[in-house]
Amino acid sequence: MLGKLTKADHVTRFPFVYVVALAYSILIAVGSAQTVGSPPTLKSTAQQAAYVGNQACARCHASIYNSYMSTPMAHASGPAIENLQPTDFVHANSGVHYRIYAEGEKVWLSFQRPGDASVNDKRQLLYFIGSGHRGRTYLFAVDDFFFESPVNWYAGRKVWDMAPAYGNAREIPLNLPAYASCLQCHTSGMQPPIKGTENKYSTPLFTQSGVGCERCHGPGSTHITDTARTKTESIVNPLKLPPDRRDSVCMQCHLEGNVAIERAGHHAREFRPGDLLDDFVRHYVLTADGSSALGANGQFEALAQSVCKKKSGDAMSCMSCHDPHFSPPAEQRASYYRGKCLACHGAAFAAKHHPDRPDCTACHMPSSLSVDISHTEVTDHRIPRRPEMSPQLLQDSSAEHSATPNLSSQLIPFPYSKEADDDVRDRALAWQSLAENGSPQATAQADRLLPQAAKQFPDDPAILSGLAYVELNHGAVDRARDSYQKALALDPTLIDAAANLGVIEARSGHLQRAVELWQSAFERAPADSSIGMNLARTFCESGKLDEARASVLRVLRFNPDLSSAKKLLQRLNANPPGCGELNRAGTTDQ
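Quantities reported herein were computed from a predicted structural model and do not represent experimental measurements.

A few words on the overall build of the protein. Looking only at helices and strands, one finds 20 helices and 20 strands in the protein. Counting over 590 residues, the protein shows a buried share of 52%. Carbon together with sulfur atoms contributes 53% to the accessible area of the protein, which is approximately 26,300 Å² in total.

Moving on to the sheet that holds strand β14 (residues 259-262). The sheet built from 3 strands is open, its strands ordered β14-β15-β18 with antiparallel pairing. Where the open sheet ends on each side, the last strands, each with one partner, are β14 and β18 (410-414). Looking at each pair of strands side by side, their axes are set apart by 30° on average, direction ignored. Where β14 lies against strand β15 (residues 281-287), 4 bridges are found, and the strand directions are antiparallel.

Before going further, it helps to spend a moment on the packing of aromatic side chains. Applying the stated criterion across every chain, the model contains 12 aromatic pairs. A ring pair is formed by phenylalanine 147 and phenylalanine 558, whose centres lie 6.0 Å apart and whose planes are at 55°; its orientation type is tilted. One end of the pair, phenylalanine 147, is in strand β9 (residues 145-148); the other, phenylalanine 558, is in helix α19 (residues 545-558), with 411 residues separating them in the sequence. Per residue, the accessibility class of phenylalanine 147 equals that of phenylalanine 558, and both read buried. With a centroid separation of 5.6 Å and an interplanar angle of 55°, the aromatic rings of phenylalanine 326 and tyrosine 336 are classed as tilted. Of this pair, phenylalanine 326 sits in the loop between α8 (307-312) and α9 (333-352) while tyrosine 336 is found in helix α9, placing the two residues 10 residues apart along the sequence. When its relative accessible area of 28% is taken as the criterion, phenylalanine 326 is described as partly exposed.

Before going further, it helps to examine the pairing of strand β10 (residues 151-154). Side chains Val151 and Trp153 project from β10 onto one buried face, and the interleaved Asn152 and Tyr154 project onto a second face that is buried too. Both strand β8 (residues 135-142) and β10 contribute to a ladder of 2 bridges, which runs antiparallel. Looking at the pairing, arginine 136 lines up with tryptophan 153 of β10. Direction of pairing for β10 relative to strand β11 (residues 159-162): antiparallel, over a ladder of 4 bridges. Following the sheet pairing, tryptophan 153 is matched in β11 by tryptophan 160.

Turning to the nonpolar core, a few remarks are in order. Tyr484, Leu488, Trp518, Ile531, Met533, Val552 and Ala565 are the most contacted members of the largest nonpolar core, which totals 40 residues. Going through the elements one at a time, α14 (461-473), α15 (477-490), α16 (495-507), α17 (511-524), α18 (529-541), α19 and α20 (563-572) are the ones with two or more residues in this core. It is α16 that provides the largest number of residues to this core, a total of 8 residues. The contacts of methionine 533, once residues within four sequence positions are left out, are Val552, Val555, Leu562, Ser564, Ala565 and Leu568. Counting residues in each nonpolar core, the second largest holds 26 residues, with Ala80, Ile100, Tyr138 and Ala155 among its members.

Relative to each other, α14 and α15 sit at 160°, their axes nearing to 8 Å. Comparing the axis directions of α14 and α15 gives the class roughly antiparallel. The way α14 lies across α15 gives a crossing that is left-handed. Packed against α14, whose contacting residues are Pro461, Leu464, Ser465, Leu467, Ala468, Tyr469, Glu471 and Leu472, the element α15 presents Val477, Arg479, Ala480, Ser483, Tyr484, Lys486, Ala487 and Leu490 at the interface. Across the contact of α14 with α15, the residue classes tally to 11 nonpolar, 2 polar and 3 charged.

As a further point, take the packing of α17 against α18. The N-to-C vectors of α17 and α18 enclose an angle of 145°; their axes lie 9 Å apart at closest approach. Handedness of the crossing formed by α17 with α18: left-handed. Contacts between α17 and α18 involve Leu511, Val515, Trp518, Gln519, Ala521 and Phe522 from the former and Ile531, Gly532, Asn534, Leu535, Thr538 and Phe539 from the latter. Residues that form the contact of α17 with α18 fall into these classes: 8 nonpolar, 4 polar and no charged.

Next up on the list: the confidence of the model for the protein. Mean pLDDT for the protein: 84, with 82% of residues reaching 70 or above. When pLDDT is averaged over each element of the protein, β9 comes out on top at 98 and strand β1 (residues 11-13) at the bottom at 27. Scored below 50 in pLDDT, residues 22-47 shows 123 contacts in the model against residues more than four places distant or in partner chains. Scored below 50 in pLDDT, residues 289-297 shows 26 contacts in the model against residues more than four places distant or in partner chains.

The next thing to look at is α14. Counted at 1.5 Å a residue, the expected span for α14 with its 13 residues is 18 Å, and the 18 Å between its end C-alpha atoms agrees. With respect to burial, α14 is a largely interior element, 11 of its 13 residues being buried. All of the buried residues in α14 are Ala462, Ile463, Leu464, Ser465, Gly466, Leu467, Ala468, Tyr469, Val470, Glu471 and Leu472. Its side-chain oxygen at 3.0 Å from the backbone nitrogen of alanine 462, aspartate 460 defines the N-terminal cap of α14. Looking one or two residues past α14, glycine 475 carries a phi angle of roughly 80°, positive in sign.

Glancing now at the pattern of salt bridges. For the coordinates displayed, the defined rule picks out 25 salt bridges. For aspartate 460, the salt bridge identified is with arginine 425, shortest N-O distance 2.6 Å. Taken together, the positions of aspartate 460 in the loop between α13 (440-456) and α14 and arginine 425 in helix α12 (residues 424-435) put the pair 35 residues apart, joining distant regions of the chain. Between aspartate 561 and lysine 566 there is a salt bridge whose closest N-O contact spans 2.9 Å. According to the relative accessible area criterion, aspartate 561 is buried, its value standing at 2%. With a relative accessible area of 15%, lysine 566 lands in the buried category. One network of salt bridges, with partners in common, ties together Arg263, Asp278, Arg282, Glu419, Asp423, Arg425, Asp426 and Asp460.

Here, disulfide denotes a covalent bond that connects the sulfur atoms of two cysteines. Scanning the model with the defined rule gives 2 disulfides in all. Between the sulfur of cysteine 185 and that of cysteine 253 lies a disulfide, 2.4 Å long from S to S. Between cysteine 185 and cysteine 253 the sulfur-sulfur dihedral comes to about -105°; the bridge is accordingly left-handed. Placement of cysteine 185 in the loop between α3 (180-183) and β12 (188-190) and of cysteine 253 in helix α6 (residues 243-254) is noted, with a sequence separation of 68 residues between them. With a relative accessible area of 12%, cysteine 185 lands in the buried category.

How each quantity is defined
Residues numbered from 1 in each chain as written. Predicted model: local features only at pLDDT ≥ 70, side-chain atom pairs only at ≥ 80, totals over all residues. Heavy atoms only, no water. Helix = DSSP H or I, 4+ residues; strand = E, 2+ residues; numbered from the N terminus. Buried < 20%, exposed > 50% of the residue type's maximum accessible area, 1.4 Å probe, protein only. Areas by Shrake-Rupley, 256 points an atom, 1.4 Å probe, with all protein chains shown as cover. Pairing = 2+ DSSP bridges. Axes fitted to C-alpha atoms, helices over the stretch in contact; angles between N-to-C directions. Phe/Tyr/Trp six-rings, centres within 6.5 Å; stacked < 30°, edge-to-face > 60°. Core = buried A, V, L, I, M, F, W, Y, C linked by side-chain atoms within 4.5 Å. Contact = heavy atoms within 4.5 Å. Parallel < 35°, antiparallel > 145°, perpendicular 65-115°, else oblique. Left-handed = near helix turned anticlockwise from the far one by under 90°. Nonpolar A, V, L, I, M, F, W, Y, C, P; charged D, E, K, R; others polar. pLDDT = per-residue confidence, 0-100. Expected span 1.5 Å × (residues − 1). Polar contact = N/O pair within 3.5 Å; in protein donor to acceptor, adjacent residues only side chain to side chain. Salt bridge = Lys/Arg side-chain N within 4 Å of Asp/Glu carboxyl O. Disulfide = S-S within 2.5 Å.

This is how it looks when you write it as structure tokens:
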């Protein structure tokens with residue numbers, strides 16, 4: 001299921017009416033088992049082969065295929081009707097009554113708030129994401145823009161509840177974009193977002209359900225035509241790769257980090273088995289932050305802290321303990337993983353080390369509630385010798401080599417490399433993405449590093465857009481305008497840069513230019529209600545009431561429970577119509 005989003009829905013409000021969005025460039029991971037469409041034809045940069053789908057593999061590898069099809073990964077996505085568990089519940093904080101139900105082969109999400117006529121509608125759920133082992137998220141589309149359902153199924157507690165981070169929401173979060181960085185790890189043959197957008201896709205959204213064979217073994221067309229099987233490069237066997245490339249196969253989806261930054265000119269979705277993940281996306285982990293709780297998908301970072309991994313080094317990988325083609329049934333799990341432990345620790349050790357407790361994982365890999373997904377348990381991959389040990393994030397030798405100043409927290413590239421640690425571009429963008437959470441240290445680090453990065457990479461649109469935001473925060477409006485303009489000249493598809501340059505132009509009295517920028521951005525990112533509200537209020541203040549109504553109606557099409565939009569529409573439809581008055585926070589008093 002979708003744990004957490006790869007770009008946060010964050011805005012910063014400035015005085016006056018206009019809302020400025022923080023611009024940065026982050027994304028992570030990729031994913032590739034039943035056919036729901038034609039196989040993809042993407043080419044591997046390493047092998048120049050095409051994807052052929054699981055069924056082509058099954059013809060020669062039937063036993064492996066049949067075993068794999070019983071694993072959670074093989075069922076990580078699919079049509080919404082598959083294994084649907086209907087629900088009917090009321091969310092107390094918002095007062096909204098949600099229902100998820102099937103009518104024939106269609107699945108619907110309905111939502112209603114008693115006494116509020118504007119909140120009484122439904123969306124057709126098209127796909128599910130998540131194997132059901134931890135939970136499931138459902139997806140719907142509005143005008144080919146895909147969104148996550150505001151309610152999720154949490155398998156551990158067998159409950160339906162709000163999406164992560166929205167348990168206390170008083171408005172329905174119907175504008176949660178389905179980002180490629182989440183879809184890539186749960187689907188096969190995923191369509192990339194349409195150019196210039198973040199969550200508008202061609203359909204079908206993906207060509208295979210679940211994570212397929214080629215996600216780990218690479219495109220298979222050359223392997224199929226290599227009937228003599230003489231070309232060792234015709235298919236990837238992760239176990240035969242160098243350790244860093246072997247681990248990249250698993251890390252593409254099982255490395256979470258605190259932040260992930262796509263490399264300049266690359267997308268995470270371009271990764272193919274046999275590549276180095278670090279060539280496409282860099283992950284960073286915060287150390288010494290005092291946290292003692294585990295996230296839902298931080299297995300790699302946790303494993304790196306284990307004594308097992310530190311002593312074994314490159315000889316140990318995920319596949320030392322996990323067979324990707326097989327999931328042991330519940331009654332066999334204890335003995336299965338005990339066998340993995342004893343492969344290193346030996347039967348003599350087991351005979352004297354609590355022989356009455358055959359489940360090694362119960363003590364040394366205990367489960368605990370996730371801090372980033374409600375109702376979800378995660379397994380402690382730190383493999384603590386003493387279960388009560390408090391986690392320390394990556395307190396190992398890599399921290400000694402970091403170029404980050406010795407403040408309360410450090411941002412360490414993971415896996416560590418001197419090249420990654422010295423990369424001012426990716427580090428600057430990493431700190432900037434963390435700054436959105438309101439961390440003064442992250443903001444200070446981003447302010448320090450972005451100007452350095454801009455000198456080193458003067459033609460990098462992500463850096464220029466980030467620098468412009470910093471300059472705007474410090475009141476250097478002309479420099480911010482210049483940086484945004486340069487960023488957009490290099491990449492006209494940047495949504496946040498266009499939205500924020502529109503704010504600058506509007507403040508400067510150039511309303512027509514502001515409207516042009518906002519209209520382009522809002523057309524490509526209708527989930528960003530702040531852009532649409534800027535448009536609506538600007539039109540309203542300019543006396544263009546029909547245009548203002550059209551803008552606020554589009555906001556409500558994608559975000560129908562947004563109170564500020566509903567209030568503005570009421571004022572626009574009043575007799576006489578009005579815009580409301582602007583308060584100091586930049587919102588509208590009604």
